[in-house]
Structure formats: structure tokens, C-alpha cells
Amino acid sequence: MQMRLRRLVAAARTRESAQIMVLFVVFIMVLLVLAGSAYDYASIVVDDAKLQNAVDASALAGADALTSNQTLPASTQVALAIATTNSYLSDNQVTSSNSTIAVTPVPWVPGAGTPTPVATVYTGISVNVTRNHPTAFWPLVGVPQVTLHNAGAAQGASNMMDIMLAMDTTGSLVLTGDLTDTGMGKTGTTLSSAITNFVQQLNPTSTDPLGPKIGIARYAGIKCSWKDLNSDGNIDVYGDNSQPNEYTKTQTGTSCTDDVTVLSNLTQNQTNLVNIASGTSGSCPSGVPTTEACPLQHHPYILGTEVYHNGGSTQTNSYFPYFTGTKEPNAICALMPADSNCAEVPSAVSTNGFAWSTANGGRNGSGTAQAHRVLVIMTDGQDEAWPTTGVAPNQTDYAFPESPASQYDSMFTSLATNLKANNPDGNGGPGVEIYVVGYFCTDGGSYQSGTYPPNNFCESQIAYTSAPRACPGPPGASAPSSSQLSPIDQLLIQVSSSSPGTCDHYIPLSKTESLPTVFSQLAGTISRGRLTQ
Amino acid sequence: MMRPRRRHQREGGQALVEFALTLSVFSIFVMLVIQLGLLFVAYYSETRMARETARWLAVNSKTTTDDLVATHMQNTMLPGLAGAAPSNQVTGTTSVDASVDVGSLHAQYTPCVTNGSVCTDSDRAPGATLYVQLQYNVAGSHVLFLPTNFRIGSLEVNVPTSLPAYRVYVLVE
């Protein structure tokens, strides 16, 4: 009996049938565990992404509700914001039945030098969501569910902004088809559409007293008297530099006048703003010159008959000088005429005074009642006199009756520095944040350093690069090196409120691109709430 | 007298047969795992694209026509999703949402309803809520390489080829 048992055990040890079956089952189990883990992990990743989407969308909506209801009592304001946040969470399938939700209003923390408000002001929303994600295979290893925790916070839009637009309306914009000129029979709606888009995107309305206010100014060059060198009653202009100075400020006792107009003070009247930009003369608000606005257009400056001398040849026309060139300091002089750099602004502009003053619609209360001041400058050229535009940057344009163009550049930067500094008008208040949109032609396909062909106004080197450009670039990104920026690029970056070493407030683009789209985006950049966590 | 050979002791080729059986099952299993991974990548991309498109639309709600939405999606296809020129476009009205196919991606979203170049639909106004819903059909794309139709006798099984639709709601800014 014992012998038989031993034989059976020995036989069992040597039999191999079904061995592969055992191995197969073991491998399959291992593979099933691995596949199950992969499935569970992937489903967790997807669910986590969905939850983060919901949290971000709800935080932005909640922060927007918070700042949109600033006129209400704080408790009501917060309750509305939390309700909005929960509503967006619910829309995106996150509810209290499947998640643990915590929505918290975030108080505004004043920056250095800004007075602390008497009552707490809430400007942000923080959202924390915890959700249990059931697993399909991990229960086999004792993990029946995984806890997902997603958080987000959003800062509400800075709605209380006083924004002035300073639009270049020089002749080059007429010639490129972007601006209307009735005298030349040209219709161009690019600038009109850009302003309209900007206004509609910001959506100012008198029903929201803490919402944005917008004003519009236009500028070009200078309006001067001209020399009649041979006393024949005509104006003489020399294209060959044989005369040092054709403009005159003193010959007839008259001075040059800056070609600037304030078309609208700061207002929340969206209809008026849109009419000034794109409307008809019949819809023009009272007091706005229909020769310059409704729609926004170039207004020619006509002195009389001119004889243009160029070497041995002469040419005569009866509508001289028509254009006024470009004087970039005018973009700021139109809005801060009391600055010492602005000696030639028209009396109407001078009387109007500082654009962000309370008298001009600015909001200058204490604490949070002080509006954030913004200026958007749009230009397509550089400092130059008309008709002798062929001068290189930082060189003297012999036609200028006063400072050489290089001094116009330094005036421009000085004005910008003064405007950005605190207390720019001597009555307290913060400095103005400046955005500059450079809308340049890019003829010829590539930038040609130091020369002007094929077009005198294609002066931005960075506009020749493809979008998205290095300017304004992603947050915190360094500005391109000086070798990649032409003088006008460097000047406009310096004028803008770009952080040191960056060009985050300079938006160059080519005239082959859409200026209205850029203005829409810029309106969003200026006003939009943002995720902070 | 000849003794009959004991057939059950023959083991030649046994390992080969077992290996073939195991390999086929193992291969199917591995392919299933790869297939599942690709489907998850596609679905993850679908959810991300829905969010990114909705956010972009919320930021540019006034000036983004239905055509531009389709072009934007075509230009921003994420990994795992095959794009193509937009087709089957349904321009939205005040009562019908906009939809378009971009390759195998079917998109449905709050319409523009243009007046000139500006969207006038009230759901595109600042403060409104708009949505973007995406659904990706993996049939015919590089995502799907295993058959989706199985038949044993009269029994036929068809595996759905559309990934679950994902809809995201955002505030118009």
C-alpha cells in the first residue's frame, strides 16, 4: 500500500499535462490586472480633466458675477456670485449629489500705496471640488474609488476702467484703404470697424455705473504756414532739399497747430461711440465734427496752390498740403495738453484739458472709486513731415519747422513717461496704462534695415514676422533683441507700459491682417477676468 | 506479440501548439489594450478640445462666425484626433444650433447668427452662457484598428464607434 502511494506521488511529479493551462491562467490574471489598471487610470485622467473644466468655467463665471454686481450690498453680491458659480458647476455635471463643493469669495487685496477700503471688497472666486471616482478593476486590489480634488480661482474683470483711444488718422491710412477720405473719394472702414469692435466688446452701458467708459481722440501731424519764396502768391515746396525749411511758424506770424481732435470724452454712451466710429453724419452726436467723424475719416488740411520744385522740374496743385504728416507726440498731447511738450495743441483741446479728469467723465473717487486709466494708441507710421517723408529714423527731416524728427521721438517718450507716472495731471490719481497697436504695411516681403523702399511707412521690423509674434508674446516673455526690432518698434515699446525687458503692451501687426480683430482681442485683454489658480 | 504504443505519452509538438494558442489569445489581448489606450487618448483630446474651443468662443463671441469656429477647430486638432476640411455645416439660427463635421469630429455649438460681421444671437452676448459639444467618431480613423463587427452564426455584435459626446458650458466674456 505504501509502495503504491509512493508510485502515485512520483507519477504526479513527472506529469506535465495542464501545466501550460496553469501558466496561462496566471499570465491572464496578471494581464487583466494591468489592463484594468490602465483602464481605471485613463478614466480617472479623463474625469479629472472634465472636473477641472467645470471648476475653471464656474470660477470665471462666478468672478464675473461678483464684479458685475458691485453696486449691490456685499452680501447680495457674494450670494449672486456663489449662485452663478454653482449654476455653472451644475451645467457641467458637477452637483452636490456627486461632489463636495466649496465656493469662497476672495477679498480684494489693495496694492502698495492704494488705500484699504473701509468695507471688504470681493473681486475673486475660489472653487474647490472633491469627487469620488469609482474604479472598475482596482476594487480587486482594495481600491474601490479614488478621490479627485480640483481647485480653481478666478479674478474678476477690472470693469471700472476709463479708456481713451488715440487713433492715427494720417494720410497713409487713406492711401492703404483703411480710412475714409471724402475729398479723395476713398472709403476705408478698417479703423471704424476696429473702434466699433472695441466698444462692443467692452459693452459700456449707463446701467452699469462701475463698467468701462471709453473716449475717442484722433491725431495726425502739424498744420503750419508755408513759405512763398518767390513772392508769386503760391506756396513753394522743395523735394530736393535745396531749401532748408519750407514750413514756417513766423513768416506770417502764425504758429503751427497740432492736428488733433478729441471726438468724445469718456462716456458709457455706446450708441454715440459707435456712431462716431462708424455712423453717418446724420447720426453724429452734437458737437462732433462730421468732417472728422461719423464715420471716422481723414480731414484734409488745404492751404492753397503749391508749386513743388524737384530739381529742374516743377509741379503745381491746388489742394496743398492736404496731409499733415505724422507727429506721434500728438497721440498723448490730445489727452494731456498741459504737458510742457505740447505747446501747439488747438485751443479746443487745450481747454478740454486732461482726458481722465472728472470734468471730462473720468472717475476719480477715493479707494476703489478711482477708475483704472488706460490709453490705447493706434499708429501706422513714424514721426515725419509731409511731403518730404523720405527721412530715415532719428535723422533730421529738413522740412520740419521746429524740432527734427528725432526730437519728436524723445518728446513722445517723455510724454509717455509723464502720463504713466502717478499724478500725471497734478491733481492726484494714478498713472495711465498705455497699450500701443502698430498697424504697419509690410510691402516687399521683408524688412529692409536703414532704407525705405518700397514704401516709406513700412517701418516695423517685427510686423514682417509671422503671427503669433514675439510681441506682445506670452506673459513674462522677454522682448526680442534690438537687432530684431526696428527703431519704430523700439520707440513704441518704450512708449507702451510694457514691463521692463518685455513688449507685453506693444501689439504690432501687418496691414494684411485684421485690425478690428486685434482691437476685439485687446478689449478682452484689458477687461477680462482671469484664472489665478 | 506486439505491444500497442501508449499514445498519451507522445509529447512532440505539444509546446508549439500550446505556444500558438497562447500567443493568439495574448496578441488579441495586447491589441485590445492598445486599442483602449488610443480610444482614451482620443477621448481625452475631445474633452480638451471642447474646453479650449468653448473658451476661445467665449473670448471672441461677438466676431466669431460659425465658419470661423469650424476653421479654428480644424487648425487646433489635438493628438489622437484626425482633422479635415469642415463639411456638413449647419449655420445656426435663433432656433437651431450650429453644427459642423471637422474630419471625424462632430461639433455642435451656440450659433453666431450674423448681422454683417457681428454675432447677434443673445446667447453670444457678454454675460450669456454658450456651449460647445464635441463627439468623435473613431470609425475610419487611425484610432480604430480592430474590427467593430463580430458575427457567430446568427449572432451579430456591433461595437459603437462614436466616443461619448462631451459638452461644456462657459460664460461669454
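Placed above this text is the structure.
Summarised in this report is the structure supplied together with it. This one's a predicted model, so the numbers in the text were calculated from it and none came from an experiment.

Procedures and definitions
- Residues numbered from 1 in each chain as written.
- Chains lettered and ligands numbered in written order.
- Predicted model: local features only at pLDDT ≥ 70, side-chain atom pairs only at ≥ 80, totals over all residues.
- Helix = DSSP H or I, 4+ residues; strand = E, 2+ residues; numbered from the N terminus.
- Buried ≥ 20, exposed ≤ 12 C-beta atoms within 10 Å, placed from the backbone.
- Core = buried A, V, L, I, M, F, W, Y, C linked by C-beta atoms within 7 Å.
- Contact = placed C-beta atoms within 7 Å.
- Axes fitted to C-alpha atoms, helices over the stretch in contact; angles between N-to-C directions.
- Parallel < 35°, antiparallel > 145°, perpendicular 65-115°, else oblique.
- Left-handed = near helix turned anticlockwise from the far one by under 90°.
- Expected span 1.5 Å × (residues − 1).
- Pairing = 2+ DSSP bridges.
- Arc of directions from axis to C-beta.

**So, the overall build of chain B**
Phase 1: A tally of regular secondary structure across chain B gives 2 helices and 9 strands.
Phase 2: Relative to its 173 residues, chain B shows a buried fraction of 31%.

**A short note on the nonpolar core**
Residues and elements named next belong to chain A.
Phase 1: If you look at the biggest cluster of nonpolar residues, it comprises 87 residues, and the most contacted ones within it are Leu165, Ala166 and Ala217.
Phase 2: Other than its neighbours up to four places away in sequence, Leu165 contacts Ile195, Phe198, Ile214, Ile216, Ala217 and Val376.
Phase 3: With 54 residues, the next largest nonpolar core counts Leu51, Ala63, Val127 and Ala153 among its residues.

**Focus on the packing of helix 5 (residues 190-202) of chain A against helix 11 (residues 515-527) of chain A**
Residues and elements named next belong to chain A.
Phase 1: Close contact between helix 5 and helix 11 brings their axes to 8 Å; oriented N to C, the two are set at 25 degrees. Accordingly, the angle class assigned to the pair helix 5 and helix 11 is roughly parallel. The hand of the helix 5/helix 11 crossing is right-handed. Only Leu515, Pro516, Phe519, Ser520, Leu522, Ala523, Gly524 and Ser527 of helix 11 make contact with helix 5, whose side of the interface consists of Thr190, Ser193, Ala194, Asn197, Phe198, Gln201 and Leu202.

**Observations regarding helix 11 of chain A**
Residue and element names in this part refer to chain A.
Phase 1: Taking 1.5 Å as the rise per residue, helix 11 with 13 residues should run 18 Å; its terminal C-alpha atoms sit 18 Å apart, in good agreement.
Phase 2: Restricting attention to buried positions, one finds in helix 11 the residues Leu515, Val518, Phe519, Ser520, Leu522, Ala523, Ile526 and Ser527.
Phase 3: Looking at the buried positions of helix 11, the neighbouring elements they touch are strand 4 (161-168), helix 5, strand 12 (372-379), strand 13 (433-440) and strand 14 (506-510).

**A look at the sheet that holds strand 3 (residues 105-109) of chain B**
All names here are of chain B.
Phase 1: The sheet built from 5 strands is open, its strands ordered 1-2-3-6-9 with antiparallel pairing. The outermost strands of the open sheet, each flanked by one partner alone, are strand 1 (86-90) and strand 9 (166-171). Adjacent strand axes in the sheet meet at a mean angle of 15 degrees when their direction is disregarded.
Phase 2: With 3 bridges connecting them, strand 1 and strand 2 (residues 98-102) associate as antiparallel partners. Bridge pairing in strand 2 links Ser87 to Asp101.
Phase 3: Across the face of the sheet, helix 1 (residues 14-59) comes into contact with strand 3, strand 6 (129-136) and strand 9 while running at roughly 155 degrees to strand 6.

**Structural notes on the interface of chain B and chain A**
Where interface size is given, it is often the accessible area lost as the parts come together that is meant.
Phase 1: Each partner contributes to the interface: chain B provides 24 residues, whereas chain A provides 27 residues.
Phase 2: Of all the secondary-structure elements, those providing two or more residues to the side of chain B that touches chain A are helix 1 and strand 9 of chain B.
Phase 3: Sort the elements by how many residues they give to the side of chain B that touches chain A and helix 1 of chain B lands first, with 13 residues.

**Points about the sheet that holds strand 11 (residues 313-322) of chain A**
Backbone-to-backbone hydrogen bonds join strands into a sheet, with any given pair of strands oriented parallel or antiparallel.
Residues and elements named next belong to chain A.
Phase 1: Taken in spatial order, the 3 strands make up an open sheet running 7-10-11, and their pairing is mixed. Here the strands that pair on one side only, and so sit at the sheet edges, are strand 7 (235-238) and strand 11. Across this sheet, the average inter-strand angle for adjacent strands is 35 degrees, counted without regard to direction.
Phase 2: Pairing between strand 10 (residues 301-310) and strand 11: 8 bridges, direction antiparallel. Paired with Asn310 across the two strands is Ser313, which belongs to strand 11.

**Brief notes about helix 3 (residues 74-91) of chain A**
All names here are of chain A.
Phase 1: In this model, helix 3 (18 residues) spans 26 Å end to end at C-alpha, consistent with the 26 Å of a helix rising 1.5 Å per residue.
Phase 2: What helix 3 keeps buried is the set Gln77, Val78, Ala81, Thr84, Thr85, Tyr88 and Leu89. Axial view of helix 3: buried residues confined to an arc of 140 degrees, hence all on one face. Residues of helix 3 that are exposed and angled more than 90 degrees away from the buried face: Ser75 and Thr76.
Phase 3: Following helix 3 by one or two positions, Gln93 adopts a phi angle in the positive range, close to 65 degrees.

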